[in-house]
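Now for the letters of each chain:
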Amino acid sequence: MATDLENKLLHETLLQTPKEFIDETERYQELMMTYFAAMREVQTKLEILNDEFKVVKRRNPIEMIKVRLKKTDSIMQKLHRYGLSKTLDNIKQINDIAGVRVICTYFDDIYELANMLVKQDDVILVQIKDYIKKPKQNGYRSLHLVVELPVYFSTTKRMMRVEVQIRTIAMDFWASLEHDMKYKNNNNLDPGLKDELRLCADVIADTDKRMQKIKAELDKMG
Ligand code: GTP
Ligand code: MG
């Protein structure tokens with residue numbers, strides 16, 4: 001069953017049919033409902049992996065899973081940015097209408113979970129951006145996957161894309177604060193502060209690695 005929060009998300013998205021699609025409200029809503037379903041499929045797959053870990057390895061690799069559907073105005077802005085006209089077909093070219101963010105406990109959990117997900121028979125890896133091996137200029141770290149998977153409805157099967165962002169608690173801590181700071185300053189951060197933020201990202205990444213090493217030592221000791 002979808003949680004109250006998820007139902008609220010679907011409800012809000014369906015209520016916000018953009019004026020450009022008002023003549024096709026039903027098709028627009030159906031498309032969003034389909035993305036919502038795909039997002040929940042991915043969420044369930046990850047929850048199942050977490051459950052298995054819990055039983056077999058006696059720990060949870062996932063701290064938290066956050067899901068979101070892209071807001072109507074962001075969809076419209078992205079179509080504009082891509083130079084695409086506002087049609088339902090073009091919306092399907094946006095890979096992150098459905099987004100799942102996975103917050104992992106340890107560094108190694110990121111790649112382990114990503115592999116377990118993309119190895120599944122019904123999951124196709126469409127795109128991978130490894131901002132951990134190659135962090136963004138500002139220090140941002142995260143593993144981004146775009147996956148495609150089938151969702152089954154009463155009479156149809158649809159292949160849907162979902163963006164999955166996988167990061168540690170530490171990476172998420174940095175990304176949340178950086179996002180907040182950027183947002184509050186309209187994306188204009190002073191160069192000195194940018195350097196300072198980048199430095200924080202590096203310190204955090206180093207701490208992540210050290211915590212992983214401590215865990216490995218503890219595992220060895222049994
Ligand atoms: P978008 O148009 O923003 O989706 O960018 P993109 O298509 O180039 O995708 P990319 O994989 O680079 O980033 C997509 C998402 O990752 C964003 O929507 C954010 O959620 C997250 N992200 C990317 N870069 C940053 C960053 O510098 N800081 C933070 N806080 N989040 C980021
Ligand atoms: Mg995005």
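The rules behind the values
- Residue indices begin from 1 for each chain and proceed along its sequence in written order.
- Starting at A for chains and at 1 for ligands, labels are handed out in the order in which the entities are written.
- With the structure being a predicted model, the display of local features is reserved for residues of pLDDT at least 70 and the display and counting of side-chain atom pairs for 80 or more, all residues being used for whole-chain, interface and lining totals.
- Note: side-chain values were computed over all heavy atoms of the structure, leaving out hydrogens and water.
- Think of it this way: one heavy atom of a residue within 4 Å of a molecule or strand is enough to make that residue near it.
- Counting of polar contacts relies on pairs of N or O atoms within 3.5 Å, with two restrictions inside protein: one atom must be capable of donating a hydrogen and the other of accepting it, and residues adjacent in sequence are counted only when both atoms are side-chain atoms.
- Areas reported as accessible are Shrake-Rupley estimates using a 1.4 Å probe. Residue values count occlusion only from the protein chains shown.
- With a 1 Å grid spanning the protein atoms alone, the term cavity applies to any set of points in which a 1.4 Å probe fits but cannot get out, the term pocket to an open set with protein on both sides within 12 Å along at least five of seven lines, and the term lining residue to any residue with an atom within 4 Å of a point.
- To qualify as sitting in a cavity or pocket, a molecule needs more than half of its atoms within 2 Å of the grid points.
- Numbering of helices and strands starts at the N terminus; helices are DSSP runs of H or I of at least 4 residues and strands are runs of E of at least 2.
- Lys, Arg, Asp and Glu make up the charged group, whereas Ala, Val, Leu, Ile, Met, Phe, Trp, Tyr, Cys and Pro make up the nonpolar group; the residues left over, Gly among them, are polar.

Caption draft 1: Representation of the site of ligand 1. In the vicinity of ligand 1 lie 16 residues, with Arg81, Tyr131, Asn138, His144 and Glu178 positioned nearest. Alanine 175 has a polar backbone atom sitting 3.0 Å from a nitrogen atom of ligand 1. Here glutamate 178 contributes a side-chain N or O atom positioned 2.8 Å from a nitrogen atom of ligand 1. Considering ligand 1 on its own, with 610 Å² of exposed area, one finds that the protein chains cover 73% of that surface. Its atoms largely coinciding with the cavity grid, ligand 1 occupies the largest pocket. At the level of secondary structure, the elements contributing two or more residues to the shell around ligand 1 comprise helix 3 (72-81), strand 5 (157-168) and helix 6 (169-184). For the shell around ligand 1, the element with the highest residue contribution is helix 6, accounting for 4 residues. Here the residues of the shell around ligand 1 sort into 3 nonpolar, 4 polar and 9 charged.

Taken by themselves, the reported measurements are silent on function.
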